[in-house]
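# Summary of the model geometry
So the chains spell out like this:
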Amino acid sequence: MNDMRFMERAVDTDEIKFSARGVQVYYGDTHAIKDVDVDIQSKTVTAFIGPSGCGKSTFLRCLNRMNDTIDICRVEGDIRLDGEDIYNQKVDPVQLRAKVGMVFQKPNPFPKSIFDNIAYGPRIHGLAASKAELDDIVEKSLRRGAIWDEVKDRLQAPGTGLSGGQQQRLCIARAIATEPEVLLMDEPCSALDPIATAQVEELIDELRTQYSVVIVTHSMQQAARVSQKTAFFHLGNLVEFGETGHIFTNPVDHRTESYITGRIG
Amino acid sequence: MSDATRHSAPRTSLYTLSPLTKRRNATEKRFKVYGLIAISIGILALLVLLTSIFSNGRSAFMQTYVTLDVLLPAEKLDKNGNRDIEEMKAVSTFGYAPLITNALISRLDEIGFATDLKKKEIGAIVSKEAAAQLRNFVLANPDSLDTTVTFEFLAGGRIDGYMKGRVDHESAALDNKVSPEQLDIVDALIETGSLEKRFNWAFLTAPDASGQRPEAAGLGVAFLGSLYMMVVVLFLALPVGVAASIYLEEFSKQSRLTDIIEVNISNLAAVPSIVYGILGLAIFINFAGLPQSAPIVGGLVLTLMTLPTIIISTRASLKSVPPSIRDAALGVGASKMQTVFHHVLPLAAPGILTGTIIGLAQALGETAPLLLIGMVAFVREYPAGPPEGFFDPASALPVQVYNWTQRADPAFVERASGAIIVLLIFLILMNAVAVLLRRRFERRW
Ligand SMILES: Nc1ncnc2c1ncn2[C@@H]1O[C@H](COP(=O)(O)OP(=O)(O)OP(=O)(O)O)[C@@H](O)[C@H]1O
Ligand SMILES: [Mg+2]
C-alpha cells in the first residue's frame, strides 16, 4: 500500500457529534450489530470498513433511523446526536433525517428532472425563499457533487437517464442540498471512475470543514485518503476504532491486520 | 483428467445445429404457433360477436317518420274557447288520434291514392305515440289552435319493420297487427316523400316506452341512470379505495389484523355481485330508507362491489414502486406522507387508473344487483339534475337491455342490440380516457 497518502491527521476538534453505546441491531432473529460503542466527532471524516455483510450499512442506517422503515428491524442501545437520544419517544425521525443526510449504496434518483431531484429537499424544508435562490442552491449543490458540467445543459432531463456514476453524484448533490450537519455515505464511489472518485473525495474533504462525514468503503486506499478516523467491523462486531493512520500502520487486532492486508474479506 | 476428456470431444462447427439446439428451436416454433392460434381464436370470437351485435343493432339507430300537415280544430280541443290549459287537459290522447288519422287520409286523397281500408286501420300506420306528441304540442302552444301545423310522427312498429326489411307483404298477411293493404299505403307515402327513414336521436334521448310501441322506446333514462351511478362510484370508490390501499400498504404495521383485512378484501372481490344487491336492499333501502330504483342506491351498491378491485390493483401498483424511491425521499428528510404523495403515488398512478377503470367498467355492465334494488322498474320520467337526480328513479343501460329482451314485440330485439352498442361505446370511451390519462402520467417517465 505504498500509494496511500495519509491525510492531514489534525482533527480540528474533539467535539463529539454522535455517540453510540451498546448498540444491538436485530433483523428478526438475525443479530446484525453486536454491542457496538463508537464516537463520531464533528468536522471529521469517519470511515467504516469491513468485509461484506458485516453490518456497516446497518449501523450507518441506525444513525438516521432509516432502519425504522424495515418492519423486522429492532435497534437497542443508546445513540446520541449532540447529547440527545435519537431513539427517544419525543424525536421525530423526519426532523432527524433533515439533520443527518444520507447517500445510499445503490444510486436512487427520483424519477423526476435533474433540477427537481436537487430542489426537492430544499423545497420541503423551505430553504429557498425564491426561485432564484432555489436555482442558486441547485447549481451550488451540483457543483459540489462534481456533476455540474455534465448536466448544466439538461437540468430538465430525467435524473434516471444519467449513467450509474452520474446518478450517484446526483444523489450526493441531492444529499448536500439540504445542508445536513452529518452526511452518511454508503459506498458513494463504488460506481465511479477514478476522476469522479477524486472529485467526490475532494468534496468530502471540503465538507469536513463544516460537517461530520461518515463513509462506508471497500477501498482501503480511499479510507486512508479521506478519513481521519476508521472503524473496522467484522461479523457485526466493532473490532477496532481509532485514528486512520494508526489503524492502517499499526493495527492492534489480528483480524484488522488480516483484513487490511487482504487476507480476510 | 476432466480436462483431458473435454479436449478429446470432437470439435463441432457453429454452422451445423446440434440436435439439442434443433429440438429447442422446434419447441420454440411450436409455442409461437400455439400463441398465434390462441390469439386468432380470440379475435375471431370478438369479430363474430361484434358483427352480430352491430348487424342486429345498427337498425335501432334509424327510425321511420311520417310527415303530415295536421289541422288543429279549436272546437274539439278547447271546447270552452278560452285557451285555459287546465281545461284543455281534459281532452285525452283519444281526442287527438282522429286528427292524425284525418290528416293521413287527406294526404292520401291529395296524392290520389284510393283505399278501402277502415279509418282505424289507416290511422294504425302512425305510432300510438303520435297522439301524445300532438297533445303535448297543443298544450305547450295553445295559440296554434285552428291552424295547420306540419308534424313528423313516428311510424308504427310494424311499418318501421317493413322499412327495415323485417316485415314484408307475405308476413303481413299472417300478422294481425299489420295488413298488406297498409303496406301498399306505405309504398305510396314513400314515393311522395311523406314517409322516410332517418337517424334516430330519440333512441338515445327518449325514455323507455311500453311493450306496444317499441318505435318510441329510447335509452335516455337508462343512460342518465348509468351516468349518475358511474359518478357516484367514481367519487366514492376511487378516494376510499386509494386511501384504504395507501394506509394498508404504506402506513399500517404488518399485523394479524392487517392480514385478516387483506384476506377479506380478496374474498370480497370474489363475492357474486347479486349478493351485493341483497346487501344493498337490506342496508340502503330497508334500513337507511333510501328510495328504490334510485341511482344513488345503485351507485352505492356498485361502489361496494368495485372497492375490492380498486384496492387490490392499487396495492399491487404501490407495491411495484421500488423501495429505493421511498428510501431516497425519507433520506432527504421527507415525511411519510410527503414520500407517498410526492413520489410513490405518481409512480403508481397509471396502475391505479387501470384498476379503477376496470372496476368502473365492471360496474357499468353489472345487472344482477340492480335488479334487486328495483332499477328494473319501468321509468318514463327523466331523473332531475345532479344533486336531487341521484334520488329519483332511473334505469341503467344493462338493465334496459335485459328488460327489452324480455318483451314480446320483435322490434325490441334490434333495440336491445342497439343498447348493447351504446354500452360498448360508453366502455370504449372510458377506456380511451384511461389510456389518455395513463399517457399523461407516463410521459413524466
Ligand atoms: N433488510 C434486511 N433484512 C434482513 N436481514 C438484513 C437486512 N439488511 C441486512 N441484513 C443482514 O444484516 C447483515 C449486515 O448487513 P449490511 O447490509 O449491514 O452489510 P454491509 O456491511 O453493509 O455489507 P456490504 O459491504 O456488502 O454492503 C447481513 O448479514 C444481512 O444479511
Ligand atoms: Mg452495505
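Conventions adopted
- Numbers given to residues run from 1 along each chain, matching the order in which its sequence is written.
- Each chain takes a letter, starting from A, and each ligand takes a number, starting from 1, following the order in which they are written.
- Given that the model is predicted, a residue must reach a pLDDT of at least 70 before its local features are reported, and side-chain atom pairs must reach 80 or more before they are shown or counted; all residues, however, enter totals for whole chains, interfaces and linings.
- Side-chain metrics rest on all non-hydrogen atoms present in the structure, leaving aside hydrogens and water.
- Each helix is a run of DSSP H or I of at least 4 residues and each strand a run of E of at least 2, with the numbering of both proceeding from the N terminus.
- It is over C-alpha atoms that the radius of gyration is taken, and the globule rule equals 2.2 Å times the number of residues to the power 0.38.
- Exposure classes here rest on a 1.4 Å probe applied to the protein chains alone. A residue is buried below 20% of its type maximum, exposed above 50%, and partly exposed in between.
- Residue contacts follow a heavy-atom distance rule, with two residues in contact if any of their heavy atoms lie within 4.5 Å.
- Computed with a 1.4 Å probe, the accessible areas rest on the Shrake-Rupley method; for each residue, only the protein chains presented here act as cover.
- Pairs of strands are assigned from DSSP output, requiring at least two bridges between the strands.
- Note: metal donors comprise N, O and S atoms at 2.8 Å or less from the metal (3.2 Å for Na, K and Ca); water molecules are not included, so apparent gaps in a site are possible.
- Pairing of aromatic side chains here covers Phe, Tyr and the six-membered ring of Trp, requires ring centres within 6.5 Å, and sorts the geometry by plane angle: under 30 degrees stacked, over 60 edge-to-face, intermediate tilted.
- Whether a charge sits over a ring comes down to the Lys NZ or Arg CZ being within 6 Å of the ring centre and within 35 degrees of the ring normal.
- Between the first and last residue of a helix there are one fewer steps than residues, each counted as 1.5 Å, and that sum is the expected span.
- Arc definition: it is the arc formed by the directions from the helix axis to the C-beta atoms.
- Axis definition: a line fitted to C-alpha atoms, over the contacting stretch in the case of helices. Angles run 0 to 180 degrees between N-to-C directions.
- Definition of nonpolar core: a set of buried residues of the types Ala, Val, Leu, Ile, Met, Phe, Trp, Tyr and Cys, connected through side-chain atoms within 4.5 Å.
- When charges are tallied, Lys and Arg are placed among the positive residues and Asp and Glu among the negative ones, while His and the ends of the chain are skipped.
- One side-chain nitrogen of Lys or Arg within 4 Å of one carboxyl oxygen of Asp or Glu is enough to make a salt bridge.
- For this analysis, a polar contact is any N or O atom pair within 3.5 Å, provided that within protein one partner can donate a hydrogen and the other can accept it, and provided that sequence-adjacent residues contribute only side-chain to side-chain pairs.
- What counts as a domain boundary in this text is fixed by an automatic or database domain assignment.
- Accessible area, probed at 1.4 Å, shrinks when two parts are joined; the buried area is that loss added up over both.
- Gly is placed with the polar residues, together with every amino acid not listed as nonpolar (Ala, Val, Leu, Ile, Met, Phe, Trp, Tyr, Cys and Pro) or charged (Asp, Glu, Lys and Arg).
- UniProt positions are given in the numbering used here, feature names are shortened, and annotations may be inferred rather than shown by experiment.

Turning our attention to the overall build of chain B. What chain B contains, in helices and strands, is 21 helices and 3 strands. Its C-alpha atoms give chain B a radius of gyration of 32 Å, more than 25% over the compact-globule value 22 Å for 445 residues. Principal-axis analysis of the C-alpha atoms gives chain B an extent of 115 × 60 × 40 Å. Burial statistics for chain B: of 445 residues in total, 43% are counted as buried. In chain B, 78% of the contacts between residues at least 6 apart in sequence involve partners at least 24 apart. Of the roughly 23800 Å² that chain B leaves accessible, carbon and sulfur atoms contribute 64%.

Residue and element names in this part refer to chain A. Pairing is antiparallel across the open sheet formed by 4 strands, whose spatial order is 2-1-4-5. Bordering the open sheet on either side are strand 2 (30–41) and strand 5 (84–85), each of which pairs with just one other strand. One ladder, built from 8 bridges, connects strand 1 (residues 16–27) with strand 2; its direction is antiparallel. Across the sheet, Phe18 pairs through a bridge with Ile40, a residue of strand 2.

Here we come to the coordination of the magnesium ion (ligand 2). Distances from the magnesium ion (ligand 2) to its protein donors, Ser57(A) (OG) and Gln105(A) (OE1), fall at 1.9 to 2.4 Å. Of this pair, Ser57(A) sits in helix 1 (residues 56–63) while Gln105(A) sits in the loop between strand 6 (100–103) and helix 3 (114–125), and the two are 48 residues apart along the sequence.

Once that is clear, we can look at the packing of aromatic side chains. Here a ring pair, both rings aromatic, is described through the centre-centre distance and the interplanar angle of the planes. Summed over the entire model, instances satisfying the criterion amount to 11 aromatic pairs over all chains. Geometrically, the ring pair formed by Phe48(A) and Phe233(A) is edge-to-face, given 5.1 Å between the ring centres and 65° between the ring planes. Of this pair, Phe48(A) sits in strand 3 (residues 45–49) while Phe233(A) is found in strand 9 (residues 229–234), placing the two residues 185 residues apart along the sequence. When sorted by exposure, Phe48(A) lands in the same class as Phe233(A), which is buried. Taken together, the aromatic side chains of Phe61(B), Phe199(B), Trp201(B), Phe203(B), Trp404(B) and Phe412(B) make up a single cluster linked through ring pairs. The ring centre of Phe412(B) lies 4.9 Å from the NZ or CZ of Arg407(B), which sits over that ring.

Residue and element names in this part refer to chain A. The terminal C-alpha atoms of helix 4 (residues 131–144) lie 20 Å apart, and with 14 residues this matches the ideal 20 Å at 1.5 Å per residue to within 8%. Residues of helix 4 that are buried include every one of Leu134, Ile137, Val138, Ser141, Leu142 and Arg144, and no others. Axial view of helix 4: buried residues confined to an arc of 160°, hence all on one face. Opposite the packed face of helix 4, turned more than 90 degrees from it, sit the exposed residues Ala132 and Asp136. Structurally, helix 4 contributes buried residues whose contacts are with helix 3, helix 5 (148–151), helix 6 (164–177) and helix 7 (194–207).

Residues and elements named next belong to chain A. Read from one edge to the other, the open sheet built from 6 strands follows the order 6-7-8-3-9-10, with strand pairing classed as mixed. At either end of the open sheet lies a strand with only one pairing partner, and these are strand 6 and strand 10 (237–243). Across the sheet, the mean angle separating the axes of adjacent strands is 15° when strand polarity is ignored. This element, helix 1, spans strand 3, strand 6, strand 7 (182–186), strand 8 (212–216) and strand 9 of the sheet and lies at about 155° to strand 7.

All names here are of chain A. The phi dihedral of Asp35 falls on the positive side, at around 50°, and the residue is not glycine. Relative accessible area serves as the criterion here: at 51%, Asp35 is assigned to the exposed category. Despite not being glycine, Arg65 has its phi angle at roughly 55°, a positive value.

Moving on to the nonpolar core. Counting 52 residues, the largest nonpolar core has Leu219(B), Val297(B), Leu302(B), Leu370(B) and Trp404(B) as the members making the most contacts within it. Counting residues in each nonpolar core, the second largest holds 38 residues, with Leu68(B), Val70(B), Ile100(B) and Tyr162(B) among its members.

Residues and elements named next belong to chain A. Position of Glu240 relative to the elements: it lies in strand 10. With no salt bridge to any partner, buried Glu240 finds its closest opposite charge in Arg255, at an N-O distance of 8.1 Å. Polar contacts involving the side chain of Glu240 include one to the main-chain amide nitrogen of Asp253, which spans 3.0 Å. Apart from the residues lying within four places of it in its own chain, the contact partners of Glu240 are Thr230, Ala231, Phe232, Ile247, Pro251, Val252, Asp253 and Thr256.

In this section: the domain arrangement of chain B. Residues and elements named next belong to chain B. Annotation of chain B at the domain level lists domain 1 (62–200) and domain 2 (220–441). One C-alpha centre belongs to domain 1, the other to domain 2, and the line joining them spans 45 Å. Contacts between the two partners involve 8 residues from domain 1, matched on the other side by 5 residues from domain 2. When the two sides are added together, the surface that domain 1 and domain 2 hide from each other amounts to roughly 450 Å², 24% of it contributed by carbon and sulfur. Of all residues in domain 1, Glu129, Arg158 and Arg166 give up the largest surface area on contact with domain 2, accounting jointly for 62% of the area buried on that side. Applying the counting criterion to the domain 1 and domain 2 interface returns 0 salt bridges. On inspection of domain 1 and its partner domain 2, the count reaches 1 residue pair in polar contact (both at pLDDT 80 or more). For the side of domain 1 that touches domain 2, the class distribution of residues is no nonpolar, 2 polar and 6 charged.

This paragraph deals with the UniProt feature "domain: ABC transmembrane type-1" (unreviewed entry) in chain B. As annotated in UniProt, the feature "domain: ABC transmembrane type-1" (unreviewed entry) corresponds to residues 223–434 of chain B in the numbering used here. As annotated, residues 223–434 of chain B has a helix share of 77% and a strand share of 0%, and its two end C-alpha atoms lie 20 Å apart.

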